[in-house]
Amino acid sequence: MSKIPFVGLHAHSVAGSIFDGLGYPQEHMDFAYENGCDALALTDHGNMNGLAYQVLHAKKMEKAGKEFKPIYGVEAYFHPSIEQWKADMEEAKQNKKNAAALRDNNTSGAVFETEVRTYKSIVNRRHHLVILAQNQKGLENIFQLISKSFKGDNFYRFPRIDYKMLEEHSEGIIVSTACLGGIFAGDMWRNREEGSEAVLAAMRGTAERMVSILGKERFLCELQWNNIPEQHELNQYVIQIANEFGLTLVSTADSHYPTPETWKDR
């Protein structure tokens, strides 16, 4: 048995990650406690609908003499700049119209197909970002971020936040880089064909911006250990960036079900 204490910092439940998480928060908490953990974070997609379950079940556990800390958080959908996204989307819409007009006068649809792919890439761009509450102020700031993410242009198919919103509500929060859909992973996917130096250059830019907002202590580099080859490619980049910037590495399970035997149902 490992003597290193483990706390899961990235988990999804059916309460807030519909069609992605299985099991209610209390099931996740009970399993964690029964297997030696004294805390667990819940980071559902774009919302904190599981928070009430966490609070009430933690009180029930306390009454039963079980010392357990619920950690409140969210896996937010992130875009670097919603304002820039709006400008890019308007430009992409116009390019799409121009391409459609060109197609009407052209026997080939090649140009049109290229513009459609570009359009989808621009308007659908988003990455995951795990945000955890460090204290009461941090919890309040996460509430603010989630509330704003559902309003106006911030919501496009998914509730989104950006750097500007993070700057406004950075007090008391801890941020980690998430999964293969995370911010560092986005840098890898966009620059992979250009080679490792291009990937690292993009990741350095992301790290610099995050550190400028959160400092080195509250920006965590997340490693995961699933059976996807690209995950381990990403891990190597994440380790290098963490070493270069003096950032903390965290190892997560990114769990989506409460017990091992429920993986198949999920």
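Rules of the game
Residues numbered from 1 in each chain as written. Predicted model: local features only at pLDDT ≥ 70, side-chain atom pairs only at ≥ 80, totals over all residues. Heavy atoms only, no water. Helix = DSSP H or I, 4+ residues; strand = E, 2+ residues; numbered from the N terminus. Rg over C-alpha atoms; globule rule 2.2 N^0.38 Å. Buried < 20%, exposed > 50% of the residue type's maximum accessible area, 1.4 Å probe, protein only. Contact = heavy atoms within 4.5 Å. Areas by Shrake-Rupley, 256 points an atom, 1.4 Å probe, with all protein chains shown as cover. Phe/Tyr/Trp six-rings, centres within 6.5 Å; stacked < 30°, edge-to-face > 60°. Lys NZ or Arg CZ within 6 Å of the ring centre and 35° of its normal. 1 Å grid on protein atoms, 1.4 Å probe; cavity = no way out; pocket = protein on both sides within 12 Å on 5 of 7 lines; lining within 4 Å. Points joined across faces, edges and corners; volume = space filled by probe spheres on them. Nonpolar A, V, L, I, M, F, W, Y, C, P; charged D, E, K, R; others polar.

Draft legend 1. Spotlight on the overall build of the chain. Helix and strand counts for the chain come out as nine helices and eight strands. Whereas a compact globule of 266 residues would reach a radius of gyration of roughly 18 Å, the chain reaches 20 Å, a difference of no more than 12%. Principal-axis analysis of the C-alpha atoms places the extent of the chain at approximately 75 × 40 × 35 Å. Residues counted as buried form 47% of the 266 residues belonging to the chain. Sequence-distant contacts in the chain: of pairs separated by 6 or more residues, those separated by 24 or more amount to 77%. Of the roughly 14200 Å² of accessible surface on the chain, 52% is carried by carbon and sulfur atoms.

Draft legend 2. Layout of the packing of aromatic side chains. What the rule picks out here adds up to seven aromatic pairs. Note on Tyr33 and Phe68: the rings are 6.4 Å apart at their centroids and 75 degrees apart in plane angle, and the pair reads as edge-to-face. You can see Tyr33 sitting in helix α1 (residues 25-34) and its partner Phe68 sitting in the loop between α2 (51-63) and β2 (69-78), a full 35 residues away along the chain. With relative accessibility at 10%, the residue Phe68 sits in the buried group. Taken together, a centroid distance of 5.0 Å and an interplanar angle of 55 degrees make the contact between Trp85 and Tyr156 tilted. On the criterion of sequence distance, the pair formed by Trp85 in helix α3 (residues 82-104) and Tyr156 in strand β4 (residues 155-156) is long-range, its members being 71 residues apart. Over the ring of Trp85 we find Arg160, and its NZ or CZ is 3.9 Å from the ring centre. Above the ring of Tyr163, the side-chain terminus of Arg209 is found at 4.3 Å from the ring centroid.

Draft legend 3. Main features of the layout of surface pockets. Volume-wise, the largest pocket comes out at about 880 Å³. In terms of lining residues, the largest pocket is bounded by 35 residues, among which Phe6, Phe31, Ala253, Asp254 and Ser255 are the most central. Ranked by the residues each element gives to the lining of the largest pocket, the list is headed by α1, at three residues. Considered class by class, the residues forming the lining of the largest pocket number 17 nonpolar, 14 polar and four charged. Quantified by volume, the second largest pocket comes out at close to 200 Å³. At the level of elements, α3 and α6 (163-168) are the ones that each hand at least two residues to the lining of the second largest pocket. Residue contributions to the lining of the second largest pocket peak at four residues, all from α6. Looking at the lining of the second largest pocket, its residues break down into four nonpolar, two polar and seven charged.

Draft legend 4. Structural context of unusual backbone geometry. Phi at Arg157 takes a positive value of approximately 70 degrees, unusual for a residue other than glycine. Mapping Arg157 onto the fold places it in the loop between β4 and β5 (158-161). Even without being a glycine, Asp254 presents a positive backbone phi close to 50 degrees.

Draft legend 5. View of the side chain of His79. Mapped onto the secondary structure, His79 falls in the loop between β2 and α3. Beyond its immediate stretch of four places on either side in the chain, His79 contacts Trp85, Arg125, Ile161, Asp162 and Tyr163.

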